[in-house]
Amino acid sequence: MEENIKDEAAKDNYRQAPKTAVYVCHCGGNISDVVDVKKVAAEMARYPGVAVAREYAFMCSSNGQDLIIDDIKKLGVNRVVVAACSPSLHELTFRGVLQRAGINPYLYEHVNIREQVSWVHKADHEGATAKAVKLTQAGVEKVLRQDPLNAIRVAAEPRVAVIGGGAAGMKAALAAAGKGLEAVIIEKAPRLGGKLLELGKVYPSGEQASSVLKKFEDLVAAEKLITVHTGAEIDFVGGFVGNFKINFKKSDGGMAQIKAGAVIMATGFEHYKPHKGEFGFGEAANVVTLPDLITLLKNSPAGRLEYAGKEIKSLALIHCVGSRQIEGVNQPQADGKVNDYCSRVCCTSALYTANQVKEKYPAVQIYDIYRDIRTYGMRHEDYYEKASKDGVIFFRHAETDQPIVESARVAHTVKVKDVLTWNEELEIKADLLVLVTGMMPSDIKFLASQMKLAVGADRFLQEVHPKLRPVEAANSGIFIAGTAQAPMDLTETAAAAATAAAKAAILLAEPDIPLEPFVAVVDEAKCTGCGLCPAECSYEGALMMTEKNGKKLAQVNPALCKGCGACVAVCPVRAIDVAGWTLDQFDAMVDAIGKEG
Amino acid sequence: MIAGEKIEVDALVVGSGIAGLQAALDMADQGFSVAIVEKSPSIGGKMISLSKVFPTLDCASCITTPRMASVSHHPRIQAFTYSVVDGIKREGKTFTAAVTRKPRYVDEKECISCKRCEEVCPVCLPDEFEMGLGVKKTISIPFTNAIPQFPVMYPEHCIRCGACARVCPKDCIDFLQEPSPLEIKARAVILATGYETTPMTAKKQYGLGNLPNVLAPMAAERLLAPHGPYGRVLRPSDGKVPDSVAYVQCAGSRDKSIGVPYCSRVCCMYAIKQATLLTGSLPTADITIYYMDIRAFGKGYEQFYNNAKAMGISFVKAKVARVTEDAGHNPIVRIERQEGTSAPEEVKHDLVVLSQGLIPGCDVSSFHLGAELNDFGFVKLSDENISSAVTAGAGVFAAGVVKGPRDIPDSVVDAGSAAIEAANYIRKL
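Residues numbered from 1 in each chain as written. Chains lettered and ligands numbered in written order. Predicted model: local features only at pLDDT ≥ 70, side-chain atom pairs only at ≥ 80, totals over all residues.

## So, the overall build of chain B
Scanning chain B from terminus to terminus reveals eight helices and 22 strands. At 23 Å, chain B has a C-alpha radius of gyration in line with the 22 Å of a compact globule built from 429 residues. Principal-axis analysis of the C-alpha atoms gives chain B an extent of 65 × 60 × 35 Å. A burial count over chain B gives 58% of its 429 residues as buried. The contacts of chain B with a sequence gap of at least 6 include a subset with a gap of at least 24, amounting to 68%. (Helix = DSSP H or I, 4+ residues; strand = E, 2+ residues; numbered from the N terminus. Rg over C-alpha atoms; globule rule 2.2 N^0.38 Å. Buried ≥ 20, exposed ≤ 12 C-beta atoms within 10 Å, placed from the backbone. Contact = placed C-beta atoms within 7 Å.)

Here it is in structure tokens:
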């Protein structure tokens, strides 16, 4: 919510008799192809307590929103129900509409008749329509018992903590500081740089990673608003949006605490480490990973590509090692899951490196064993073309026909069923085998559990929505930058990190931050001070016992309460309710749904 | 419309597709004032015309309309639609954009969007929003969820019958309306001019435009959209429900013969998405995707691809030589398989979609902003390792496909970075 809720308007509204409007959205057809929206609107128009009911193609469109505003202004509507998509998509949109029309934005109920009705009852139009009516009626009952609420406002620390000091972390800190925010980088390694410290030439610029790092370091050093802590070991992260606290052990052994209004997770990636025996890795000599080849290329003398003192005259690249894995074919990680995702950068990186090998050592024969070449970037296709022209020989295998490596003392034989030559099984002999390894997120189990961060099935940090809120964690005030979220290259990392900083800057643009008011509220008259509820509360400091006029009472800290309702469930005297989700509201909703006819 | 209107803002955003909308919101939410200039009569760009979007399969409208609404309601954003940027001049630290607001032939101050003019207009023309698969009136609101909801009249098609003017309750049809100039002064410029799909003139053998059942992907999007031209998937030549649909990948990308050697990044995924949606609307149809490499590289994309394979969509690694048709307008695709046998084959389908690539939507060099372009007309970054938005022109930033093809999630993220880079630049002025 952008503006403060006007208390006066809220009070006026509360005194008025409830006048509810119901809007049934077609969602362009997503709903109306299954649900008879006209019938739902007609049924709702007859329902007690409903002043007006309408249906419209897209309630979330400007026209749809204007319908609501018109009814509020002209008909004196003071409570609104929209039956549409999931509230996670548009509840905030419609609360904003109420606010613009001058009524309390929480006198609103969003009923989901898309995910919960039209999408799941495609074959039963009549049943779907009846269910939509029931759910919408329950929504009306809820909103009729809704009190106006005000967002809880908490003062925010005008500071961003950036966890991780690689390219993403430095970029995020620079972007935030550029906006005038203090930024604190907390990096566990002894110096800034992350993976930039290891990489060779980076595509597409051809610049050495060390030179990119130097630029970043210089920019960071020149920015007075940035503080850097390297060699820092985080041992506690607590607090909430606007008021995070991060405790860490400094490189000198002393302890320090950072207070920050927002946290940017820039914890980066690790290269996939092949299992022992995966394509001969760890067992046969001369089986290395792509990062190893990059190092090799940096350190080999001119005229002779060397590994372990021996000249390499031929090498074979095997793509998708640790990426695009298939259950039952590839060995899972410790958590039992295979890496079924594409690591995005490895195809380009492998071909870019192959071209560098060819440039420096034109006589080295290179074989490239792949499934799909994914050189998607603007100039990346050129690397593929150059490699083909320079004599890199490509072999393509089907996903289930993995290449088989047989290692002798001197060289390796890779057997590939090559679909490009009519599925012939070909044998490739190479002095060096290079496994093109993918990306895995850095091990952040500790931070994820401290901060209660959502992690996807791919183990990377999970954003709220890839298009609506692509760099936000579900926990308010925490943003994700770079490869902590998914594999990406350097430019993409710069984009993601800058955007994470933009979102942090937007959050901290005002000195205080509005929080949702759906928190536990204690009815002091009913509370017997039995003390059962604090034991149930999982959020430290959110619910405590206190004394008032000699009476023991439960007391809620609204800034810390998440409104989970655990305390409500254990209260023997119904003295606690979650605002906006009271037991009375639930009772009425269940009654409405359970009612015959 | 006021002649010679002048405004001053912090940032000028050119283009209002998803990248422009997001960049404008991310600027305005940081406290800056923004003007958007959009050449189409509505904001929303290409995304608003899509059906559902990968990898989450949200309906495109559900994601775009709230952004459009936020932009139109934002106290710090002004959006000028149906307006073109004629040129931008830099004087010291200020940009001055000369903009022409094209006439809608409707008085925007008076119009109440009642659509009566549209109802009575007797002249129909192909609706470009429906990719020509539907019709619209010569005076009409561009599409259901357009913003603003003002009708536009196309004088070249109008027969001057006056029906619209007679029925208009606000007397706001103005046949004599003239283009009006607008001057926008801004401290930073964000280019978000998006894309067009690759023209297929250099690839006539694929039949687009000549064979009725060979479709552009944007037309297929409209067929799949819940509120599309037919309300269901039918093929254009005869309204038949197709039993066999084929996608030709890289039809306009990775192809030097048409001047687009680069990968367009989105075509594999939109084809897989459309194919996935088709399995819902045409449960018994065979769906084939002819491809070179499947590039499902984004977050969750490989899994999306795997799901499509599991749903029975067939992926055939083959190069398509040409598309012809038989007497019943059934497209015949001549392919050379790149796995298994390699003898050319001809395969008959009911409907063929050409997965066209992306080219720049606008020649931004005409703005003379100092932003350098690459060989293909996309904006170059000044240092792509350090920033994904800063161009060689001071105060000029780029968001989205103007820098090269990218999908919606990448464009949304990208827009945020353009907004913070622009904000940082303004702060240091």
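## So, the domain arrangement of chain A
Taken as a whole, chain A is organised into domain 1 (1-151), domain 2 (159-268 + 442-512), domain 3 (272-438) and domain 4 (519-578). One C-alpha centre belongs to domain 2 of chain A, the other to domain 4 of chain A, and the line joining them spans 36 Å. (Domains from an automatic or database assignment.)

## Description of the sheet that holds strand β19 (residues 314-321) of chain A
Residues and elements named next belong to chain A. Ordered in space as β16-β25-β19-β20-β21, the five strands form an open sheet in which the pairing is parallel. Only two strands of the sheet have a single neighbouring strand rather than two, namely β16 (287-289) and β21 (393-396). Within this sheet the neighbouring strands show an average axis-to-axis angle of 25 degrees, counted without direction. Across the face of the sheet, helix α10 (residues 346-360) comes into contact with β19, β20 (365-370) and β25 (432-437) while running at roughly 170 degrees to β19. (Pairing = 2+ DSSP bridges. Axes fitted to C-alpha atoms, helices over the stretch in contact; angles between N-to-C directions.)

## Digging into the packing of helix α7 (residues 167-178) of chain A against helix α8 (residues 209-222) of chain A
Residues and elements named next belong to chain A. Between α7 and α8, whose axes approach to 10 Å, the crossing angle comes to 35 degrees. Where α7 crosses over α8, the handedness of that crossing is left-handed. Each of Ala-167, Met-170, Ala-173 and Leu-174 in α7 lies in contact with α8, whose residues at this interface are Phe-216, Leu-219 and Val-220. Here the residues of the contact of α7 with α8 sort into seven nonpolar, no polar and no charged. (Left-handed = near helix turned anticlockwise from the far one by under 90°. Nonpolar A, V, L, I, M, F, W, Y, C, P; charged D, E, K, R; others polar.)

## As for the domain arrangement of chain B
All names here are of chain B. For chain B, the assigned domains are domain 1 (5-101 + 179-194 + 361-428), domain 2 (103-177) and domain 3 (198-357). Each of domain 1 and domain 2 has a C-alpha centre, and the two are 28 Å apart. Facing the 13 residues of domain 1 at the interface are 10 residues of domain 2.

## A word on α10(A)
All names here are of chain A. When the terminal C-alpha atoms of α10 are compared, their 21 Å separation across 15 residues agrees well with the 21 Å that a helix rising 1.5 Å per residue should span. Of all 15 residues in α10, 11 are buried, a share of seventy percent or more. Buried within α10 we find Cys-346, Cys-347, Thr-348, Ser-349, Ala-350, Leu-351, Tyr-352, Thr-353, Ala-354, Asn-355 and Val-357. At its buried positions, α10 is contacted by α9 (290-299), β19, β20, α11 (380-389) and β25. (Expected span 1.5 Å × (residues − 1).)

## Remarks on the packing of helix α1 (residues 18-28) of chain B against helix α8 (residues 408-428) of chain B
Angle between the axes and distance between the axes: these two values describe a pair of packed helices. Residues and elements named next belong to chain B. Interaxial distance between α1 and α8 falls to 8 Å at its minimum, and their mutual angle equals 40 degrees. Between α1 and α8 lies a crossing of right-handed hand. Within the contact between the two elements, α1 uses Ile-18, Ala-19, Gln-22, Ala-23, Asp-26 and Met-27 and α8 uses Ile-408, Ser-411, Val-412, Asp-414, Ala-415, Gly-416, Ala-418, Ala-419, Ala-422 and Ala-423. When the residues that make up the contact of α1 with α8 are grouped by side-chain class, the tally is 11 nonpolar, three polar and two charged.

## Topic: the sheet that holds strand β7 (residues 182-186) of chain A
Residues and elements named next belong to chain A. Here five strands make up an open sheet; going across it, the order is β10-β7-β6-β14-β27 and the pairing parallel. Whereas interior strands pair on both sides, the edge strands pair on one side only; in this sheet they are β10 (226-229) and β27 (478-480). The mean angle between the axes of side-by-side strands here comes to 20 degrees, regardless of whether they run parallel or antiparallel. Across four bridges, β7 lies against β10 in parallel orientation. Residue pairing for β10: Ile-185 is matched across the bridge by Val-228. Those strands touched by α7 are β6 (159-163), β7, β10 and β14 (262-265), and its axis lies near 165 degrees from that of β7.

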